[in-house]
Amino acid sequence: MPRSLITLVSLAVLVGAWEFFGRDINPVFGSYPSAIAAAFVELVRTGQLGAALYESLRPFVVGYGLAIIVGVPLGLVIGRFRVVEAALGIYVTAGYAMPLVALVPLLILWLGLGFAVKAAVVFLMSLFPICINTWLGVTAVPKSLIEVGRAFVAPNSVILRRIVLPATLPYIMAGLRLAVGRAVVAMVIAEFFTTISGLGAIIINSANNFDTATMFVPIVVLMVLAIGLNGLIGWVERRVAPWQAEIAGRDD
Amino acid sequence: MGSVELTDVSKTFTLRVDGAEQAVRALDRLSFGVNDGEIVALIGPSGCGKTTALRIAMGLDSASSGRVAVDGVAVTGCGHDRGMVFQHAELLPWLTAAENVMFGLEMKGVRGAELRDTAQRYLDLVGLTDSGSRRPYQLSGGMQQRVGIARALAIDPKVLLMDEPFGALDAQTRETMQAELIDIHARTKKTILFVTHDLDEAVLLADRVVVMQHGAVQEIMEVPLPRPRGDLEALRGSAVFAATRYRLWRAINATAH
């Protein structure tokens, strides 16, 4: 049975059950797929959803992109050099557990209520999983591959770029996947706590109007977005690290 | 030219066993030499320090005391005058066979057309003319090790250092590779120092066999087989081979007690 078919069946069962039982619930306390679909069509028709999505995605893309640009090199040097690991490792470990929501008011004081603070929240939430995974990946690089570099007198920078980085790619990609989920959550948190805008605004406004079906639309959209981004990362991974799928011992 | 000289090389490791530090003497004033163009095998029971000796000769590990020299020049680290062939080939899995060979060359500063041509020439030498664009996982174990040998030879080192290069291969592939190494040696005249635990391999390939025990030389044995050794099959059946192999077997067994 092809994998996509299994996923489709699983999805059909879940949505079907939700539709069947959801109809009996008071529409303030819950909703069901067909009502959410109707609300979705309405939001698309008025152009609200498109505008909100665009507004949400801008800080998301910037924050997540910056987290990759900073997190991957940071993880590489922390993993590769003992001194850097001793100096910076604790901040990354601590930062991963940092209750970011509590710091949002402070970030607002520094960065205002607009685009910058939203991008910063997304950045801070996705930076640490990316960095930690890269770091872990570097420590898992086989010593024997490093020794190939040393035996052929490769300078440290070349060993880092041409041996450590490619060997770490599967871990980096796993970090990027984990970070997508956190970045989506961060984006909504930022929209709740700063200028209410984007998809977060639709959630808050419809919840305030007891319009539960409409409230579910952005939530579903965000989950679908996360699935799509995960698929995209998987596709990129197969492009940049095709050997990984070949040597991984996974049953198909 | 390409001679190797190990003089009074000692190596002490510190191990942590149950929280207590333990000094392990891997090499104890080890001395032997490899002449230019010669093939020397390092053999001995496991734990005798043969791989450590090879790694120190390569510069991957440093000696606690003593001196390693290539053509009279002291070894202080890895260098392009020595080419290393690893036990499990250790190809970079994200590079093609040709790119793996080119990696070593690039580190030596070779660029452009010369880079591609040299890599191809050495792939030809090891019989992989048409497999240059395959990735390691698309090559058999024997083919991977051929790439490993091509990568080491391509930088034109004075000395080829091999760490149980055929130890991970099946018997048949191993014999093919031994014949090819003999052939490559006949053509390139490279000095070769290799570690093995295979008596047949030591006798067939080497001019001299260094038998090690407890980190020191127990005996250095000449192999009185003539060169070129084109027909390995005939050699295996020869009386000289059998007698030498027996002498070597006795020498190693004497160390085991």
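Before going into details, it helps to say that this report is about the structure given with it. These figures come from a predicted structure and were not determined experimentally. (Residues numbered from 1 in each chain as written. Chains lettered and ligands numbered in written order. Predicted model: local features only at pLDDT ≥ 70, side-chain atom pairs only at ≥ 80, totals over all residues.)

**Some points on the overall build of chain A**
Part 1: Within chain A, the secondary structure is distributed over 11 helices and zero strands.
Part 2: From first element to last, N terminus to C terminus, chain A shows the α and β order α-α-α-α-α-α-α-α-α-α-α.
Part 3: Overall, the C-alpha framework of chain A stretches about 70 × 55 × 25 Å when taken along its three principal axes.
Part 4: Relative to its 252 residues, chain A shows a buried fraction of 35%.
Part 5: Restricting to contacts in chain A with at least 6 residues of sequence separation, those with at least 24 account for 75%. (Helix = DSSP H or I, 4+ residues; strand = E, 2+ residues; numbered from the N terminus. Buried ≥ 20, exposed ≤ 12 C-beta atoms within 10 Å, placed from the backbone. Contact = placed C-beta atoms within 7 Å.)

**Details of the overall build of chain B**
Part 1: When helices and strands are tallied, chain B shows eight helices and 10 strands.
Part 2: In terms of its C-alpha atoms, chain B occupies a principal-axis envelope of roughly 50 × 50 × 40 Å.
Part 3: The burial tally for chain B puts 43% of its 257 residues in the buried class.
Part 4: At a minimum sequence separation of 6, the contacts of chain B that also span at least 24 residues come to 71%.

**Points about the pairing of strand β8 (residues 191–195) of chain B**
Residue and element names in this part refer to chain B.
Part 1: Taken across its five residues, β8 has five buried, putting it largely inside the fold.
Part 2: With burial as the criterion, each face of β8 is covered, one bearing Thr191, Leu193 and Val195 and the other bearing Ile192 and Phe194.
Part 3: The pairing of strand β3 (residues 39–43) with β8 spans four bridges and is classified as parallel. Bridging from a neighbouring strand, leucine 42 pairs with valine 195 of β8. (Pairing = 2+ DSSP bridges.)

**What to know about the sheet that holds β8(B)**
Residues and elements named next belong to chain B.
Part 1: Spatially, six strands are ordered β6-β7-β8-β3-β9-β10 in an open sheet, and the strand pairing comes out mixed. Edge strands, defined here as strands with exactly one partner in the open sheet, are β6 (82–85) and β10 (216–222). For this sheet, the mean angle separating the axes of adjacent strands, direction not counted, is 20°.
Part 2: Pairing geometry for strand β9 (residues 208–213) and β10, over six bridges, is antiparallel. (Axes fitted to C-alpha atoms, helices over the stretch in contact; angles between N-to-C directions.)

**A few points about the packing of helix α8 (residues 156–193) of chain A against helix α10 (residues 212–240) of chain A**
Residue and element names in this part refer to chain A.
Part 1: Remark: α8 packs on α10, axes separated minimally by 10 Å, with the N-to-C direction vectors making an angle of 160°. By the criterion of interaxial angle, the relationship of α8 to α10 is roughly antiparallel. The interaxial crossing formed by α8 with α10 has right-handed handedness. Judged by residue contacts, Leu169, Met173, Leu176, Arg177, Val180, Gly181, Val184 and Val188 of α8 engage Leu222, Leu225, Ala226, Leu229, Asn230, Ile233, Glu237 and Val240 from α10.
Part 2: In terms of residue class, the contact of α8 with α10 is made up of 12 nonpolar, two polar and two charged. (Parallel < 35°, antiparallel > 145°, perpendicular 65-115°, else oblique. Left-handed = near helix turned anticlockwise from the far one by under 90°. Nonpolar A, V, L, I, M, F, W, Y, C, P; charged D, E, K, R; others polar.)

**Quick word on the sheet that holds strand β2 (residues 20–34) of chain B**
Residue and element names in this part refer to chain B.
Part 1: Reading across from one edge, β2-β1-β4-β5 is the order of the four strands in this open sheet, with antiparallel pairing throughout. At either margin of the open sheet sits one strand with a lone partner, and together these are β2 and β5 (73–74).
Part 2: As judged from the five bridges shared by strand β1 (residues 4–17) and strand β4 (residues 65–70), these two strands associate in the antiparallel manner. Looking across to β4, one finds that glutamate 5 is bridged to alanine 69.

**Side note on the interface of chain A and chain B**
Part 1: Counting residues at the interface gives 15 residues for chain A, matched by 16 residues for chain B.
Part 2: Every element with two or more residues in the side of chain A that touches chain B is listed here: α7 (143–151), α8 and α11 (242–247) of chain A.
Part 3: At six residues, α7(A) tops the list of elements feeding residues into the side of chain A that touches chain B.

**Some words on the packing of helix α4 (residues 141–154) of chain B against helix α5 (residues 171–188) of chain B**
Residues and elements named next belong to chain B.
Part 1: Packing of α4 against α5 brings their axes to within 11 Å, and their N-to-C directions diverge by 20°. By the angle between their directions, the pair α4 and α5 is classed as roughly parallel. Pair α4 / α5 crosses with right-handed handedness. Each of Gly141, Gly142, Gln145 and Leu153 in α4 lies in contact with α5, whose residues at this interface are Thr173, Thr176, Met177 and Thr188.

**What about unusual backbone geometry?**
Part 1: The omega angle of the peptide bond from B:Arg227 to B:Pro228 is 0°, so this bond is cis rather than trans.
Part 2: Within the secondary structure, B:Pro228 sits in the loop between β10 and α7 (232–237).
Part 3: The phi dihedral of A:Val153 is positive, around 60°, even though this residue is not glycine.
Part 4: Phi is positive for B:His214, close to 50°, though the residue is something other than glycine.

**Re helix α1 (residues 3–22) of chain A**
Part 1: Here α1(A) is 20 residues long and its end C-alpha atoms lie 28 Å apart, about the 28 Å a rise of 1.5 Å per residue gives.
Part 2: The buried fraction of α1(A) is low, at zero of 20 residues. (Expected span 1.5 Å × (residues − 1).)

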